[in-house]
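# Inside the fold
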Amino acid sequence: MDSLSEIADRVRICQDCPLGTGRTNAVPGEGPVDAEVMFIGEGPGFQEDRQGRPFVGPAGQFLDQLLADAGLSRERVFIANMIKCRPPQNRDPVPAEMAACSKYLNRQIELIDPKLIVTLGRFSLGRFFPGESISRARGRVRQKDGRAIYPIMHPAAGLRREEMKASIIQDFKALPGLLEEAARTPAAEAVVDEAPQEPPAKQLNLF
Ligand code: URA
C-alpha cells in the first residue's frame, strides 16, 4: 500500500474480520499525508458507519470544538481509528479485530510520519502502551518506537462525565505547545519516559 488512497481503497473492500459483513461503510480515516498530528480513536459509531467518515457523530462534534479551541483545523490533521468498521451495537473492539485491522493503521502512520500521535481513549493507548491505564497515562507525551505519543481520554467519555470533559479540554489546550516542541526535537533525542505499569485489576474502563 503506497498511498493513503490505496489504503482507503483496500479498507473499503476489506473482509479480513467479521465486521466487514455488518458495516454500511468502512471508515478508513481522513486527512492530509503531511499532517503533523494524527489522532487515533477507537472505531466507527453509528454516524461514522453511515457516512464513511471518522468522528462525525456527537463525539466528533466535541472533537471539532476541541480542535478549534487548540487552533487546529480538521483539514490539517489526520483522524484515524483502531478499527475501520463499526462493531455491532457499538461494542468494544476485540483483539482479533484490532489485529486484523492493524496493517492499515500501521501503514497510515508510516506514510504520514506525524510529529505527534494523539491517542484518544484506552484502545489506541493500548496499541502503544499495552496494559496501561488511561487515567494515569493521559496528558503526558511519551516516546515509543521513535514516535511521540500523547494520550488523551476519549471525547465520548467527556460527553458522559463532566470531570473527564475538563481533563480532555485541559489536555487539548496543551497541544499547540507540544506540537511546537515535537517539531523542534528529533525523535532520537527525545527523552524516553517509561511509566511503571499498573496491574490490570486496578484499571478503570474509562474509554
Ligand atoms: N469514536 C471513535 O473512536 N471513532 C470515531 O470515528 C467516532 C467515534
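Let me begin by describing the structure that accompanies this report. This one's a predicted model, so the numbers in the text were calculated from it and none came from an experiment.

Turning our attention to the overall build of the chain. Counting secondary structure elements, the chain contains 10 helices and five strands. Per-residue burial for the chain yields a buried fraction of 49% across its 207 residues.

Turning our attention to the nonpolar core. Within the largest apolar cluster, 57 residues are counted, with the highest numbers of intra-cluster contacts made by M38, F39, L116, V118, F172 and L175. By residue number, the principal contributor to this core is helix α5 (residues 95-112), which donates seven residues. Filtering out sequence-adjacent residues up to four positions away, F172 remains in contact with F39, L63, L66, L67, A70, L120 and I152.

On to the side chain of K84. By secondary structure assignment, the location of K84 is in the loop between β2 (78-81) and α5. Buried charged residue K84 carries no salt bridge. Nearest counter-charge: E30, at 11 Å. At a separation of 3.3 Å, a polar atom in the side chain of K84 contacts the main-chain carbonyl oxygen of P28. A polar side-chain atom of K84 sits 2.7 Å from a polar atom in the side chain of Q108. Beyond its immediate chain neighbours, meaning those up to four positions away, K84 contacts V11, A26, V27, P28, P44, C101, Y104, L105 and Q108.

This next bit is on the pairing of strand β1 (residues 37-41). The element β1 is largely enclosed, with a buried count of five among its five residues. By the alternation rule, side chains of β1 split into V37, F39 and G41 and M38 and I40, which are all buried. One ladder, built from four bridges, connects β1 with strand β3 (residues 116-120); its direction is parallel. The partner of M38 across the bridge, within β3, is I117. In this structure, β1 lies alongside β2, joined through four bridges in parallel fashion. Within β2, the residue paired with G41 across the bridge is N81.

Right, let's talk about the packing of aromatic side chains for a bit. Overall, the coordinates contain one aromatic pair when judged by the stated rule. R127 extends its terminal NZ or CZ atom over the ring of F128, reaching a point 4.6 Å from the ring centre. A cation sits over an aromatic face here: K165 above F62, 5.4 Å from the ring centre.

On to the site of the ligand. Around the ligand sit G41, E42, G43, E48, P54, F55, N81 and H154, and that is every residue in its neighbourhood. Within the contact set of the ligand, a nitrogen atom lies 2.8 Å away from a side-chain nitrogen or oxygen of N81. In this structure, an oxygen atom belonging to the ligand sits 2.8 Å away from a side-chain N or O atom of H154. Protein contacts shield 92% of the accessible area of the ligand, which totals 240 Å² for the unbound molecule. Here the residues of the shell around the ligand are counted per class, giving two nonpolar, four polar and two charged.

Reading across from one edge, β2-β1-β3-β5-β4 is the order of the five strands in this open sheet, with mixed pairing throughout. Each of the sheet's edge strands pairs with one partner strand only, and the pair in question is β2 and β4 (142-144). Ignoring which end each strand starts from, the neighbouring axes of this sheet average 30 degrees apart. Along the sheet, α5 makes contact with β1, β2, β3 and β5 (147-152), crossing β1 at roughly 170 degrees.

About the cut-offs
Residues numbered from 1 in each chain as written. Predicted model: local features only at pLDDT ≥ 70, side-chain atom pairs only at ≥ 80, totals over all residues. Heavy atoms only, no water. Helix = DSSP H or I, 4+ residues; strand = E, 2+ residues; numbered from the N terminus. Buried < 20%, exposed > 50% of the residue type's maximum accessible area, 1.4 Å probe, protein only. Core = buried A, V, L, I, M, F, W, Y, C linked by side-chain atoms within 4.5 Å. Contact = heavy atoms within 4.5 Å. Lys, Arg positive; Asp, Glu negative; His and termini not counted. Salt bridge = Lys/Arg side-chain N within 4 Å of Asp/Glu carboxyl O. Polar contact = N/O pair within 3.5 Å; in protein donor to acceptor, adjacent residues only side chain to side chain. Pairing = 2+ DSSP bridges. Phe/Tyr/Trp six-rings, centres within 6.5 Å; stacked < 30°, edge-to-face > 60°. Lys NZ or Arg CZ within 6 Å of the ring centre and 35° of its normal. Near = heavy atom within 4 Å. Areas by Shrake-Rupley, 256 points an atom, 1.4 Å probe, with all protein chains shown as cover. Nonpolar A, V, L, I, M, F, W, Y, C, P; charged D, E, K, R; others polar. Axes fitted to C-alpha atoms, helices over the stretch in contact; angles between N-to-C directions.

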